[in-house]
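# Structure at a glance
If you want the building blocks of each chain, they are given just below.
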Amino acid sequence: MKSYDLLSCVWELTLKCNLKCVHCGSAAGKNRENELTDDESIKLCEDIKKTGCKSVALMGGEPLLRKNFWDISKKIKDLKMDLCVITNGTIYEEDFFKRFKSLNLQALATSIDGSNSDTHDGIRGVKGSFDKTLNFIDKALEYDLPLSVITTVSKRNISELNDIKNIIKGRKIAWQIQIAGAEGNRFDRKEVLNEEEFYSVGLFIETMRRNYGVEELPVIGAHDLGYNSCLIKNIWLYEKWPGCQAGISVVGIRSNGDVLGCLSINNDSFIEGNVRNKSLYEIWNSKNAFSYTRNFKMEEAGENCKECKFIGDCKGGCSEMSLTYTGKIHNDPYCFYKIEKKNFGFLKRLFYSFGAYLNKSQKDKAILNKLFSGVRK
Ligand code: SF4
Ligand code: SF4
């Protein structure tokens, strides 16, 4: 049986949250029923380590609302795993920054979804959150923490990307741009980007990467932006889209112990087990686990992808986008390649393939890898 190296575990510490973001896939707010106890959460850290995991990203809900957040964080570091924290940046006290500093974080990520309080607070559902998060960013930079900002793009804020860039640029902040999925019961499907807007987000990132050095504006696109474009080649950490990594190199754990390949997949039929009944180590190493990515067969591709020449490696894009928009996986409706094929002639694609490629230097690659290795959607 082939074995899989677990690089990153994304752990929802609690579903409790003080904000009400419209795009939140799990519609966080209240605790999940039956969340892991403090003892179980500490035991889980050991289980994650035993599974061979290199890096743990703590998220929520709002992870800082979990009472034993600091104990879990310390345990992860004591076990010599890298630690990332993804917070909405509105719940903090002065001493938190010192404590983050002592944890030697791989990344501390927060979100900016608008260039002003009207847009950001409108998306995040609570007035005052923009100012609090800006202050969080200032403080984190004051303490020289490895800060990332995540922006989730929908029709509401697409026109503000350039202004958001002006908040971020030149401040040693790593910027990850991702697309709002239509999951969760707070998101109005009318705000989903159309194909043209989706493609223009890719072009925006590519342009930023060409216009600014990685030290001035380190920016990447998340997994839901891609794939196999002849023109937009430069928006991830890797050269080539390797296919959905759920169950291949990443795993997600919900606050009640349910294990899924990726926490963005908000569908219970993708639960592989629960750490209360079976260890993560056993779940990860089970023969038939995560079979949708590990044992993908080309004939499983949906109508959007089955004729595509890239299907073997791409496996049909992001499983979550695919599932949310089409009800099945391996069928991503949003894809640069498809959009280009529809709109550019063959010769134009050929020209871009050879003419428009911009190589990242080894130094740039190393910087980006260091900044983003722990931050994922
Ligand atoms: S059409 Fe599907 S398989 Fe082909 S590149 Fe796009 S997402 Fe991947
Ligand atoms: S479902 Fe999407 S976000 Fe999750 S691992 Fe797969 S590609 Fe990445």
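Up top is the structure.
Since the model is a prediction, treat every value here as computed from it, not as a measurement. (Residues numbered from 1 in each chain as written. Chains lettered and ligands numbered in written order. Predicted model: local features only at pLDDT ≥ 70, side-chain atom pairs only at ≥ 80, totals over all residues.)

## Focus on helix H12 (residues 336-343)
Among all positions in H12, only Phe336, Tyr337 and Lys338 are buried. Elements that come into contact with the buried residues of H12 comprise helix H7 (195-211). (Buried ≥ 20, exposed ≤ 12 C-beta atoms within 10 Å, placed from the backbone. Helix = DSSP H or I, 4+ residues; strand = E, 2+ residues; numbered from the N terminus. Contact = placed C-beta atoms within 7 Å.)

## Examining helix H2 (residues 69-78)
Structural remark: α-helix, 3.6 residues per turn; residues separated by three or four positions point the same way. Burial in H2 covers these residues: Phe69, Ile72, Ser73, Lys75 and Ile76. Take H2 and look down its axis: the buried residues cluster within an arc of 160°, on one side only. The inward-facing, buried residues of H2 contact helix H1 (38-50), strand S2 (55-59) and strand S3 (82-86). Positive phi shows up at Lys80, right after H2, with a value of about 65°. (Arc of directions from axis to C-beta.)

## Details of the site of ligand 2
Around ligand 2 there are 13 residues in total, and His223, Cys244, Cys262, Cys318 and Ser319 lie nearest to it. Its residues assigned to classes, the shell around ligand 2 shows 6 nonpolar, 4 polar and 3 charged. (Near = placed C-beta within 6 Å. Nonpolar A, V, L, I, M, F, W, Y, C, P; charged D, E, K, R; others polar.)

## A short note on the packing of helix H4 (residues 117-124) against helix H5 (residues 129-142)
Relative orientation of the contacting elements H4 and H5 amounts to 100°, with a least axis distance of 8 Å. Overall, the two elements H4 and H5 adopt an arrangement that is roughly perpendicular. Each of Ser117, His120, Asp121 and Arg124 in H4 lies in contact with H5, whose residues at this interface are Ser129, Phe130 and Asp131. Taken together, the residues of the contact of H4 with H5 break down into 1 nonpolar, 3 polar and 3 charged. (Axes fitted to C-alpha atoms, helices over the stretch in contact; angles between N-to-C directions. Parallel < 35°, antiparallel > 145°, perpendicular 65-115°, else oblique.)

## With respect to the sheet that holds strand S10 (residues 273-274)
One open sheet holds the 10 strands; their spatial order is S7-S6-S5-S4-S3-S2-S1-S8-S9-S10, and the pairing between them is mixed. If you trace the sheet from one side to the other, it starts and ends with strand S7 (219-221) and S10, each paired once. As judged from the 3 bridges shared by strand S6 (residues 174-179) and S7, these two strands associate in the parallel manner. Looking across to S7, one finds that Gln176 is bridged to Ile220. (Pairing = 2+ DSSP bridges.)

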